[in-house]
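# A look at the structure
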Amino acid sequence: MKQRLEKVGEKMIQYVQVPVTEVLRVTSFVSLFQSKLDDTQIESVSEAHPFWEFLFLESGKLSVLVDGELYTLSPGELILYPPHSFHSIAASSDTVVKIASFMTESNLLHELSGRILSLGGALQEDLSHFVALGEKILVGYQGDTDVRGMLLRDYVNPADTQRLSNLLELFLLDLFNTKARTSSQNFRDEQFSVFNDFLKKHIKDNLTLEDICDGCFTSAANLQKLCHKQCGCGPVTYFISLKIGAAKRMMKESSMNFTQIAEALGFSSVHYFSKLFKSKTGMSPSDYAKSVKKMR
Amino acid sequence: MIAHINHTIPNIIRLNSICNIHEFSIHDTITESRKEAHDFWEFLYLKTGRLNVLVDGELYTLSAGDLILYPPYAFHSVAMSQGAVAMCVTFSTDSVRLHQLTGRILLLTPEAQQSLLNINNLKCTLFADVKGSSLVKDFTLRGMNQTQAFDSADFQKLTNLLEIFLIDLCKAEQRSQNDHLQSQEFAALNAYLKKNLNRSLSLEEISAEYGVAIPQLQKFCREQCGCGPITYFISLKIGVAKQMIKEGTFTFTEIAEALGFSSVHYFSRLFKSKTGMSPSEYEATLRKGR
């Protein structure tokens, strides 16, 4: 605590000042919008990016695959994932979602990732309020397909941008008081459950689509349809996503080196493992390992 | 490889530290209040009653709902209270934007008053006022102490809310400055039209003589009085016509002429369409009233 002394008249006055704490400071916005997912968007892209993102399900049905973990959201629920997560989404038609992506240096949010958060009425209102404000400030970029994100509208008062960021921080801090649940891996679809179990059992192997079909006693066409419907990507991508998730866990929790991890996950070489990891998460395994260590 | 656009958050109003947030009532019998100056910002918001505040020799009288902000090193004191309950907030910031809010009384909207209440409630869970205002003689300690329930995440929430409150205050002030500007513009238009009541003016003529483009003219006229310039001009004429009829020294023909109508018939028709009665019916109602 900083203390200051002022002399006023003959009286000494001591002022105690409490320095402001920044437990969570959003440094930049990438996007903030509400979107209705129609059939054409159901086949989503699998991607990873260097910023935080959350998805809130307003209505409809939505499954999100994050690093091999499949989260099925009910309306009113939210999932937050950290930078460099490999994710894809699968939604029924007429699904409405709110999406926000942003950058922050603080590690606090890691506590909230990997869980499904259920928002109360007041928090849902706060979210609607600031997404509506966000739409007054940011507008979707349409043009180059290699560039994503949003542009600032003309004549935006910078004070409004800070105001929006303050509101986002308040919302994120309030998320710590919500009820959380981990993803339940009891898939309603039995066939998908069989497929999922098969892949998890063979995480050490290098499987082709044919191998998977043989193992699950089904055709490639059927399997692809099923997998896309459940998690928004094909069976091989799903398998890779499982491996990425397993690799991240191993880096976090075990003392295995990259060669051992590559071997344990059935990669022909550590080079191939590194290349794949980087292409899916946007980060090399060693950079990832460093970022995880920094968190501790 | 996909590139993502991102926007760095600007720091328009960022607080460095908070010194105090507290609510207190000021006794009516106050004789000599504390006079002080310090190197941080302070604002005083009056919840109820009336209060005089002296800031650098300027006297401000606050009513319930008013706020006054003074910059660092402003020499200030409170005086003359009538049942005043005030909230005082002190903080330090490097933002220069706040200077535009100083030196005048700001009336808070109900929403802004509510958010101050929320800020004060949150503060009460995190901090307690420093007790023991005179530890030793002539030595005073002011500020807040953390309570056991202090939580740095909640403290950030408090700060964020306070920053939003100040941003909103700046925006409201900008808006009211715009309003003021527009009403000055409108006052000038009003004076011009009143000087030309004896003429029949078209929108084009008003625009050309007054020197403002038609769309702009229509916009600010509509904002101020909810109708276009011609309708406003006619309503001015009707008002004057009624005044002249009341005085009873002019015939309708004279009135029509004085107000630039091409004929008494046109004047009568327009009068009836706007007021619902003809000039003679209007005159009759006045006689009945006497």
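Coordinates for the structure precede this section.
These lines cover the structure that appears in this document, whether it is placed above or below. As the structure is a prediction and not an experimental result, all values here were calculated from the model.

## Quick word on the overall build of chain A
Looking only at helices and strands, one finds ten helices and 14 strands in chain A. Counting every position in chain A, which comprises 296 residues, the buried fraction comes to 50%. Summarising the internal contacts of chain A: among those between residues at least 6 apart in sequence, 72% fall at separations of at least 24. Here chain A displays about 14,200 Å² of accessible surface, and carbon together with sulfur accounts for 50% of that area.

## What about helix H2 (residues 121-137) of chain A?
Residues and elements named next belong to chain A. Helix length check: H2, at 17 residues, gives a terminal C-alpha distance of 25 Å against a target of 24 Å (1.5 Å per residue), a fit within 8%. Looking only at H2, the buried set comprises Leu-123, Leu-127, Phe-130, Val-131, Gly-134 and Ile-137. The buried residues of H2 occupy one face: seen down the axis, they fall within an arc of 110 degrees. For H2, the exposed residues set more than 90 degrees away from the buried face come down to Gly-121, Ala-122, Glu-125 and Lys-136. Here the buried face of H2 lies against strand E3 (26-37), strand E4 (52-59), strand E9 (95-104), strand E11 (138-140), strand E13 (150-152) and helix H3 (158-174).

## Quick word on the sheet that holds strand E6 (residues 69-73) of chain A
Residues and elements named next belong to chain A. Spatially, three strands are ordered E6-E5-E8 in an open sheet, and the strand pairing comes out antiparallel. If you trace the sheet from one side to the other, it starts and ends with E6 and strand E8 (87-91), each paired once. Taking the axes of each pair of neighbouring strands and ignoring which way they run, one obtains an average angle of 20 degrees across the sheet. Bridge analysis of strand E5 (residues 62-66) against E8 gives five bridges, and the strand direction is antiparallel. Residue pairing in the sheet places Ser-63 in a bridge with Ala-90 of E8.

## Quick word on the packing of aromatic side chains
Within the structure shown, the criterion is met by 19 aromatic pairs over all chains. Seen from their ring centres, Phe-192 of chain A and Phe-195 of chain A are 5.5 Å apart, and the 55 degrees between their planes marks the pair as tilted. Of the two residues, Phe-192 of chain A and Phe-195 of chain A are both situated in helix H4 (residues 190-201); the distance of three residues between them amounts to about one turn of the helix. What makes Phe-192 of chain A buried here is its relative accessible area of 0%. These aromatic residues form a ring-pair network of at least three members: Phe-267, Tyr-272, Phe-273, Phe-277 and Tyr-288 of chain A. The aromatic ring of Phe-261 of chain B is capped on one face by Lys-237 of chain B, whose charged end is 5.1 Å from the ring centroid.

## Concerning the environment of Lys-242 of chain B
Residue and element names in this part refer to chain B. Positionally, Lys-242 belongs in helix H5 (residues 229-247). Here Lys-242 falls in the partly exposed class, since its relative accessible area comes to 28%. Taking the C-alpha atoms as reference points, Lys-242 and Tyr-210, 32 residues apart in sequence, are found 27 Å from one another.

## Brief notes about the interface of chain B and chain A
With 51 residues of chain B at the interface, the matching set in chain A holds 53 residues. Carbon and sulfur atoms supply 57% of the area buried between chain B and chain A, which totals about 4,600 Å² over both sides. When residues of chain B are sorted by the area they lose upon contact with chain A, Ile-5, His-7 and Gln-156 of chain B head the list and together hold 15% of the total. Here chain B and chain A share three salt bridges between them. The salt bridge partner of Lys-171 of chain B is Asp-160 of chain A, with a shortest N-O separation of 2.5 Å. The tally of links between chain B and chain A comes to 20 residue pairs in polar contact (both at pLDDT 80 or more). Of all the elements in the fold, those that place two or more residues in the side of chain B that touches chain A are strand E1 (3-4), strand E2 (7-8), strand E3 (15-26), strand E10 (139-142), strand E11 (144-146) and helix H2 (152-195) of chain B.

## Topic: unusual backbone geometry
Residue and element names in this part refer to chain A. Even without being a glycine, His-84 presents a positive backbone phi close to 65 degrees. With respect to the secondary-structure elements, His-84 resides in the loop between strand E7 (77-81) and E8. On the basis of relative accessibility, which here comes to 13%, the residue His-84 falls in the buried class. With a phi close to 55 degrees, Phe-217 is a non-glycine residue in the positive phi region. With respect to the element layout, Phe-217 can be found in the loop between helix H5 (209-216) and helix H6 (220-231).

Calculation criteria
- Residues numbered from 1 in each chain as written.
- Chains lettered and ligands numbered in written order.
- Predicted model: local features only at pLDDT ≥ 70, side-chain atom pairs only at ≥ 80, totals over all residues.
- Heavy atoms only, no water.
- Helix = DSSP H or I, 4+ residues; strand = E, 2+ residues; numbered from the N terminus.
- Buried < 20%, exposed > 50% of the residue type's maximum accessible area, 1.4 Å probe, protein only.
- Contact = heavy atoms within 4.5 Å.
- Areas by Shrake-Rupley, 256 points an atom, 1.4 Å probe, with all protein chains shown as cover.
- Expected span 1.5 Å × (residues − 1).
- Arc of directions from axis to C-beta.
- Pairing = 2+ DSSP bridges.
- Axes fitted to C-alpha atoms, helices over the stretch in contact; angles between N-to-C directions.
- Phe/Tyr/Trp six-rings, centres within 6.5 Å; stacked < 30°, edge-to-face > 60°.
- Lys NZ or Arg CZ within 6 Å of the ring centre and 35° of its normal.
- Buried area = accessible area lost by both parts, 1.4 Å probe.
- Salt bridge = Lys/Arg side-chain N within 4 Å of Asp/Glu carboxyl O.
- Polar contact = N/O pair within 3.5 Å; in protein donor to acceptor, adjacent residues only side chain to side chain.

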